[in-house]
Structure formats: C-alpha cells, structure tokens
Amino acid sequence: MAARAAVSRLNRGSFGGFLSMFGFMPLRDWTCVLAVVCGLLSAALGDEELFQEEFLKREYSLVKPYRGLGFSASSHWDLMGTAMVTGDYVRLTPDMQSRQGAVWSRVPLFVQDWELKLHFKIHGQGKKNFNGDGMAFWLTKERMQNGPAFGNINKFTGLGIFVDTYPNADKTHDRTFPYVSVMLGNGSVEYDHERDGRPSELGGCSAMVRNAVYDTFILVRYEKNRLTLMVDVDGKQEWKECVDISGLYLPRGYFFGVTSATGDLSDNHDLVSLKLYQLEVQRTPQEEEEDNVRVPRVDMTQFQVKVEDEGGRSIIHLFFLFIFSVLGLVVLVVVAIVLYGRYKENKRKRFY
Ligand SMILES: [Ca+2]
C-alpha cells in the first residue's frame, strides 16, 4: 500500500509542466530525461519495497515457495487435514464435498501492533450459491483443532475473520454473499454456522471474492487496540473499508491460522500468501499497562446505540401491547357482564 501511495504521489506531480519546460529539446535528450525519470521512479519503488521488507516478520509470514511447509521440523507452520502445498498456493480444500484443511502457525505472536495482508483465492465449478463453505483467518489461543467453524472449533478464544461463501441462514437475501465478517471469541460464545455467525458478528461487508478474475486480498490492521479490515477484490488495487472496531483487546501469544471446510457444497480454497508487518507505535507506560490483557474483550459501547434502539423499542412495544391487551380484556368482560345483566332483566320483565 505504501508503494501504491508512492506511485500515485509521483503520478499526481506536475510531470506535464516539467515536460513542457523541456519541450524544445531534441529526441536524444528526451530519451535521457525519460531514463532519469524512470530511474527515479524505480528507486522510489525500490525504497518502498525495502521499507516494507524491513517490517515484514518472516517468522509469522507464509510466502512462496513455502519452504519446508508440511514436512520440515524447521518450518514455522503446520498443515492439517486436506491441506496440500503446490508451487503457487497452499490448497486448504479441493473442490470436493466434506473436506477440512488448515495451516497453523507454530510461533505465538508477540508483535503488539501489526498489519496482516492475506492473498487468497476461492474458486470452483458450482454455480452461485451452489458452493461452500468458505474460509477463515484466525489469531487464537487454540490451534490445530477440527470443528464446525470453517474447519476450526466454534468456541475459540481470540479473533476470527470469516469469508463466508454460502448463505446458510439468509433466506431473505438481505445481504449478498460472499460475506466477510469479524468475531471476537472468549472461549464460551460460539460461532453459529447455521446462522452464518450473525448473532456474534462485530461487523462485516459483502466482497465478491469467488471465481474472481482479479487477485483477492484482505488487509487487517491492529493498531492501538483498533482493528480495521479492508478488502481489495475488484482489481482496482484500492483498499475498501469493511470493518472498523476500536477498543478491541487481544492478548499476546496467540497463533495465526487459516482454515477451510466444504460440506454438501464445495470449492477450492487456496491461500497464496500471508504477510505480517510490524507497525511502529509509541505508547505511554499507562497505555502499555492497559494493553496487557489476559482475555480478549471489546468495548461494546460503540455498538450500544443500535442495541439500545432495537432492544428499547421492542421492550416498549411489548409493554404497550400488554397494557392494551389487559385493558381490552377488562372492557370486554365489563361489556359482557352488563349485556348479560340486561338480558336477564329483560327476560324477568317479560316473564312477569
Ligand atoms: Ca455460511
């Protein structure tokens, strides 16, 4: 991204004006100027790459050619289930029913502020909504376990990011799939696969990642307890904001993992690369103290407006519904008693 920013800065410069200054020059000099400009441009890009490389943490990253992955004791990653390594990607599941595959880091993460760039590919033969289930990215206390949440346990402790390609619960079609969502697990709340994780979701967005013509990326930034998630899936090489949550606390020493599962419906789920960059962030001793947490937690006040609004309204509705029902019943009973009284009165009068 920094490299892209550098390119756009160069493009936006007064390059036209610069050229017009030299409009009178012969062709040979033109070539020289262009060569110098190209040199400067590539140097700038080179610097950016160098800058990025410096902060790339290799022990937490998984990049081509995936040296030793799956067989070497020195590898930083473990494979699980149907996951297999090729020259260009790690295929977590093939486009076949009922498969589960995963890749888990062996090294616990002690980097406090980071940026994670995920390059992945989901593709298959099935028509839209006849494919599944998707893949998930994790930073959790637990690792290497099977389960119903995209090939991992559903009661996990830490961060889960889901790329859900099949609408299990969404019969109303109020959201477009594939859908990317974020959840923070504390070990007791579960990811509900049958409801596409909606009850526990902190945020999300639709992202057309399946059978995409372009490379598909997710960028997760965790900086001073603020988690932002962006997607780049339409080949424009721009990050589109998807989730932004502040006050999210993650303990250190958790593991990265990427998992995937297929059920009755399937897809190829491929991980191309996972790159972890360390971010340089200044902290006061007090902030340092606050950030040292043992259990994952998130500040829920940022979601309260919505929760209070919906919950408050439904409680008021229920209250008035109850009051009016009781009043209605009382009126009906009184009317019935009065009518019955009059009926009896009339009957008695007629009899005499
Ligand atoms: Ca689903």
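Residues numbered from 1 in each chain as written. Predicted model: local features only at pLDDT ≥ 70, side-chain atom pairs only at ≥ 80, totals over all residues.

Looking at an unreviewed UniProt entry, one finds the protein named VIP36-like protein, with Salarias fasciatus as its source organism.

**Q** Residue-level account of the sheet that holds strand β5 (residues 114–123), with values.
**A** What the seven strands build is an open sheet, ordered β2-β3-β15-β5-β10-β11-β12; its pairing is antiparallel. Each edge of the open sheet carries a strand with a single partner, namely β2 (84–85) and β12 (240–245). Sheet topology note: the strand β11 (residues 226–232)/β12 ladder contains five bridges and is antiparallel. Note that in β12 the partner of Val231 across the bridge is Lys240. (Pairing = 2+ DSSP bridges. Helix = DSSP H or I, 4+ residues; strand = E, 2+ residues; numbered from the N terminus.)

**Q** So what's going on with unusual backbone geometry? Which residues, and what values?
**A** Following Lys64, the chain continues to Pro65 via a peptide bond in cis, the omega torsion being 0 degrees. Relative to the assigned elements, Pro65 resides in the loop between α3 (27–55) and β1 (77–81). Positive phi is not limited to glycine here, since Lys224 has a value of about 50 degrees. Topologically, Lys224 is positioned in the loop between β10 (216–223) and β11. Classification of Lys224 by C-beta neighbours within 10 Å gives partly exposed; the count is 13. Despite not being glycine, Asn225 has its phi angle at roughly 65 degrees, a positive value. Checked against the element boundaries, Asn225 lands in the loop between β10 and β11. Overall, Asn225 belongs to the buried group, with 20 C-beta atoms counted inside 10 Å. (Buried ≥ 20, exposed ≤ 12 C-beta atoms within 10 Å, placed from the backbone.)

**Q** Requested: an account of the sheet that holds strand β7 (residues 157–164), with residues and values cited.
**A** Pairing within the open sheet is antiparallel, and its seven strands lie in the order β1-β4-β14-β6-β7-β8-β9. Of all strands in the sheet, those with a lone pairing partner are β1 and β9 (203–206), marking the two edges. Each strand axis lies, on average, 15 degrees off the axis of its neighbour in the sheet, ignoring direction. Looking at chain direction, strand β6 (residues 134–140) and strand β14 (residues 255–261) are connected through seven bridges and run antiparallel. Bridge pairing in β14 places Thr140 opposite Phe255. (Axes fitted to C-alpha atoms, helices over the stretch in contact; angles between N-to-C directions.)

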